[in-house]
Amino acid sequence: MKNFTFLFLCAVTFCLSCKSDDSPTCTTCASEITPPFELCKESNGTASVNGENTGIEYAIYLDGLVSEGVSCN
């Protein structure tokens, strides 16, 4: 029973110590008329460009860039 209690407490501690990852997911974008720039999806779902939050949903912002001829890797 002691082993079960110990394993249970370890599992609870492990689960409680985990938190969501708040770091943005970034990619590099560029076009023929722009220098390369960093596009990130912030933890709240908005897009940021070179560290400046646009306040626009990432998918909408990316779709707009692609429709203007910008490519992102």
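Here the structure is shown first, and the text comes after it.
Rules used in this analysis
Residues numbered from 1 in each chain as written. Predicted model: local features only at pLDDT ≥ 70, side-chain atom pairs only at ≥ 80, totals over all residues. Heavy atoms only, no water. Disulfide = S-S within 2.5 Å. Helix = DSSP H or I, 4+ residues; strand = E, 2+ residues; numbered from the N terminus. Buried < 20%, exposed > 50% of the residue type's maximum accessible area, 1.4 Å probe, protein only. Pairing = 2+ DSSP bridges. Polar contact = N/O pair within 3.5 Å; in protein donor to acceptor, adjacent residues only side chain to side chain. Contact = heavy atoms within 4.5 Å. Core = buried A, V, L, I, M, F, W, Y, C linked by side-chain atoms within 4.5 Å.

1. As for the state of the cysteines
Right, so step 1: Taken as a whole and assessed by the stated rule, the structure comprises 2 disulfides.
Right, so step 2: Covalent S-S linkage joins Cys 26 and Cys 40, the inter-sulfur distance amounting to 2.0 Å. Here the S-S torsion is close to 105°, and the disulfide linking Cys 26 with Cys 40 is therefore right-handed. Taken together, the residues Cys 26 in strand E1 (residues 25-31) and Cys 40 in strand E2 (residues 34-41) connect sequence positions 14 residues apart.
Right, so step 3: Judged by its relative accessible area of 3%, Cys 40 is buried.

2. What about the pairing of strand E3 (residues 46-49)?
Right, so step 1: Covered by surrounding structure in E3 are Thr 46 and Ser 48 together with Ala 47 and Val 49, the residues of both alternating faces.
Right, so step 2: Examined bridge by bridge, E2 and E3 share 3 bridges and lie antiparallel to one another. Residue pairing for E3: Lys 41 is matched across the bridge by Ala 47.
Right, so step 3: What sits between the antiparallel neighbours E2 and E3 is a turn of 4 residues, in which Gly 45 has the positive phi angle 95°.
Right, so step 4: Of the strand pairs in this sheet, E3 and strand E4 (residues 52-57) are connected by 3 bridges, and their pairing is antiparallel. Paired with Thr 46 across the strands is Glu 57, a residue of E4.
Right, so step 5: Between the end of E3 and the start of E4, which pair antiparallel, lie 2 residues, with Asn 50 showing a positive phi angle near 50°.

3. Considerations on the side chain of Ser 31
Right, so step 1: Checked against the element boundaries, Ser 31 lands in strand E1.
Right, so step 2: Within the structure, Ser 31 has its side chain in polar contact with the backbone nitrogen of Ile 33 (distance 3.2 Å).
Right, so step 3: Sequence-distant contacts of Ser 31, defined by excluding residues within four places in its chain, comprise Gly 69 and Val 70.

4. Topic: the side chain of Ser 48
Right, so step 1: Structurally, Ser 48 can be placed in strand E3.
Right, so step 2: Residue classification places Ser 48 among the buried positions, given a relative accessible area of 1%.
Right, so step 3: Among the polar contacts listed, one links the side chain of Ser 48 to the side chain of Glu 42, at a separation of 2.5 Å.
Right, so step 4: Discounting chain neighbours no more than four positions away, the residues touching Ser 48 are Glu 38, Leu 39, Cys 40, Glu 42, Asn 53 and Thr 54.

5. Considerations on the nonpolar core
Right, so step 1: Counting residues in hydrophobic clusters, the biggest one holds 8 residues: Cys 29, Phe 37, Leu 39, Ala 47, Val 49, Tyr 58, Leu 65 and Val 70.
Right, so step 2: Those elements giving two or more residues to this core turn out to be E2, E3 and helix H2 (58-67).
Right, so step 3: Not counting residues up to four positions away in its chain, the partners in contact with Ala 47 are Leu 39, Cys 40, Glu 52, Asn 53, Thr 54, Gly 55, Ile 56, Glu 57, Tyr 58 and Tyr 61.

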